Amino acid sequence: MSTASTVRPRGTLRYCGRDFTPDELETIRRIADDPHQPTRTEIARAVCAALDWRQADGALKVMSCTVALHRMEAHGVIWLPLPTRERIAPRRPAWTSATDPGPRLHCTLRELGPVRLEQVQGPAAAALWNELMARHHYRGMVVLPGAQLRYFAYAGDRLLAGCGFGAAAWRLAPRDRFIGWTPAEREAHLPLVVDLHRFLICPWISVPGLASHLLGRLARLLPRAWNDRYRVTPVLLESFTEQDRFAGTCFRAANWRPCGQTQGRGRMDRACRGGQPVKAVWLYPLARDFRSRLTDGRLTAAVGGHG
């Protein structure tokens, strides 16, 4: 069982679930002062390499390191160069005919026929996914944080939908109460929770039951696909719906569980400024023993209907 009582060397600081020793902090300062790493992203990449900070699949944890460096700077632990081109907002993709609204399709799920899910792989598919979200999702394009998988749904050659999974929120009170884990357990096991960041049925597609059908299919295929990519098997999905915009009908139909609402703060809002839409929080257990896995066996109550 993970504990918070592990003895750490004096002067060790903890960020993003990782302990940084005084020697490692000095290494980070030296890298941050090196003019050969002029941007924050390059510094984060160099720090990951120097500290051998990697994901389960061996890739450098650049996203987590970037967040850790920003927090260190906010606490006066290190100094970083001023943000440059890496903070420039991404350009809106140029619209192409691939995401033009197609003929209106209204039929039953049975009449639609077989639905095919394709993982987004390669620059062309990624560009299409970005364009689809930027053009047709009400929240626009998103840069998914950390580990991620994205999908398209097709019926024959007809594009039906797109979705994207990524890293879970660091803290989420309704989810954390539902799980019952401690802060130390959350730090250790957060990679076992995956967030459905984007879910879009193309606006010209009107097929009752399609959204819940896709949610069910995705929940069944994601654990193996995520493990194949990251050598981690998730046990819980989370997602959000804006309460003044959506009733969450498709999530209910797919057996996702409502477990509360957000406080109107963004993922990185640590100053409690608020101002964001209040969202319903939805969870979907991918394993009956998800609670046991997320608490090192401390809690063993099972939840049925995991799909």
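The following paragraphs examine the structure supplied in this document. (Residues numbered from 1 in each chain as written. Predicted model: local features only at pLDDT ≥ 70, side-chain atom pairs only at ≥ 80, totals over all residues. Heavy atoms only, no water.)

Further remarks concern the overall build of the chain. The helix and strand tally for the chain stands at 10 helices and 11 strands. Counting the 307 residues in the chain, one finds 46% classified as buried. Once local pairs closer than 6 in sequence are excluded, the contacts in the chain between residues at least 24 apart make up 69%. Counting every atom, the chain has about 16100 Å² of accessible surface; 52% of that belongs to carbon and sulfur. (Helix = DSSP H or I, 4+ residues; strand = E, 2+ residues; numbered from the N terminus. Buried < 20%, exposed > 50% of the residue type's maximum accessible area, 1.4 Å probe, protein only. Contact = heavy atoms within 4.5 Å. Areas by Shrake-Rupley, 256 points an atom, 1.4 Å probe, with all protein chains shown as cover.)

A word on unusual backbone geometry. A positive phi angle is found at Asp 52, which is not glycine, with a value near 55 degrees. Checked against the element boundaries, Asp 52 lands in the loop between α2 (40-51) and α3 (62-74). One non-glycine residue, Arg 231, adopts positive backbone phi at about 60 degrees. On the basis of relative accessible area, Arg 231 is assigned to the exposed category, the value being 54%.

Glancing now at the environment of Ala 125. Counting through the fold element by element, Ala 125 comes out in helix α5 (residues 123-136). Beyond its immediate stretch of four places on either side in the chain, Ala 125 contacts Val 120 and Phe 152.

Let us now look at the packing of helix α1 (residues 22-32) against α2. Running from N to C, α1 and α2 cross one another at 145 degrees; their axes reach a closest spacing of 10 Å. For the pair α1 and α2, the sense of crossing is right-handed. Seen from α1, the contacting residues are Glu 24, Thr 27, Ile 28, Ile 31 and Ala 32; seen from α2, they are Ile 43, Ala 46, Val 47, Ala 50 and Leu 51. (Axes fitted to C-alpha atoms, helices over the stretch in contact; angles between N-to-C directions. Left-handed = near helix turned anticlockwise from the far one by under 90°.)

Turning our attention to the packing of α2 against α3. Running from N to C, α2 and α3 point in directions that differ by 110 degrees, and their axes come no closer than 9 Å. One element, α2, and the other, α3, form an angle in the roughly perpendicular class. Contacts between α2 and α3 involve Arg 40, Thr 41, Ile 43, Ala 44, Arg 45, Val 47 and Cys 48 from the first element and Val 62, Cys 65, Thr 66, Leu 69, His 70 and Glu 73 from the second. Taken together, the residues that form the contact of α2 with α3 break down as 7 nonpolar, 3 polar and 3 charged. (Parallel < 35°, antiparallel > 145°, perpendicular 65-115°, else oblique. Nonpolar A, V, L, I, M, F, W, Y, C, P; charged D, E, K, R; others polar.)

Tallying each qualifying case throughout the model produces 10 aromatic pairs. When the centroid spacing of 6.0 Å and the interplanar angle of 65 degrees are considered together, the rings of Phe 152 and Tyr 154 count as edge-to-face. An aromatic cluster of three or more residues is present, and its members are Phe 251, Trp 256, Trp 282 and Tyr 284. Note that Arg 18 overlies the ring of Phe 20, its terminal NZ or CZ placed 4.9 Å from the centroid. For Arg 291, the ring lying beneath its charged end belongs to Phe 178, and the centroid distance is 5.1 Å. (Phe/Tyr/Trp six-rings, centres within 6.5 Å; stacked < 30°, edge-to-face > 60°. Lys NZ or Arg CZ within 6 Å of the ring centre and 35° of its normal.)

Between its first and last C-alpha atoms α2 spans 16 Å; for 12 residues at 1.5 Å apiece the expected length is 16 Å, and the two agree. Residues of α2 that are buried: Arg 40, Ile 43, Ala 44, Val 47, Cys 48 and Leu 51. Viewed end-on, α2 has its buried residues packed into an arc of 135 degrees, placing them on one side of the element. Where the residues of α2 are buried, they touch β2 (18-20), α1 and α3. Of the residues trailing α2, Asp 52 is marked for its positive phi of about 55 degrees. (Expected span 1.5 Å × (residues − 1). Arc of directions from axis to C-beta.)

Attention now moves to the side chain of Glu 238. Among the structural elements, Glu 238 can be located in strand β9 (residues 236-242). Glu 238 gets classed as buried once you look at its relative accessible area, which sits at 0%. A polar contact of 2.9 Å, which involves the side chain of Glu 238, links it to the backbone nitrogen of Ala 169. A polar contact is formed between the side chain of Glu 238 and the side chain of Arg 175, at a distance of 2.9 Å. What Glu 238 contacts, discounting residues up to four positions off in sequence, is Ala 168, Ala 169, Leu 172, Arg 175, Val 193, Val 194, Asp 195, Leu 196, Trp 256, Trp 282 and Leu 283. (Polar contact = N/O pair within 3.5 Å; in protein donor to acceptor, adjacent residues only side chain to side chain.)

With that out of the way, let us pick up the sheet that holds β9. Read across the open sheet, the 7 strands follow the order β4-β5-β6-β7-β9-β11-β10; overall the sheet is mixed. Every interior strand has two partners, whereas the edge strands, β4 (116-119) and β10 (257-261), have only one. Between one strand axis and the next, the sheet turns by 30 degrees as a mean value, whatever way the strands run. Across 7 bridges, β9 lies against strand β11 (residues 279-285) in antiparallel orientation. Its bridge partner lying in β11, Ser 239 is registered against Trp 282. Each of β5 (149-155), β6 (158-167) and β7 (193-201) touches α5; the most contacted strand, β5, lies at about 80 degrees to it. (Pairing = 2+ DSSP bridges.)

A few words on the nonpolar core. Core analysis: the biggest nonpolar cluster contains 70 residues, and Leu 160 and Phe 165 have the highest contact counts within it. Of all elements in the fold, only α5, β5, β6, β7, α8 (210-230), β9, β11 and α10 (290-294) reach the threshold of two or more residues within this core. Membership of the second largest hydrophobic core comes to 22 residues, among which are Cys 16, Phe 20, Leu 51 and Val 62. (Core = buried A, V, L, I, M, F, W, Y, C linked by side-chain atoms within 4.5 Å.)

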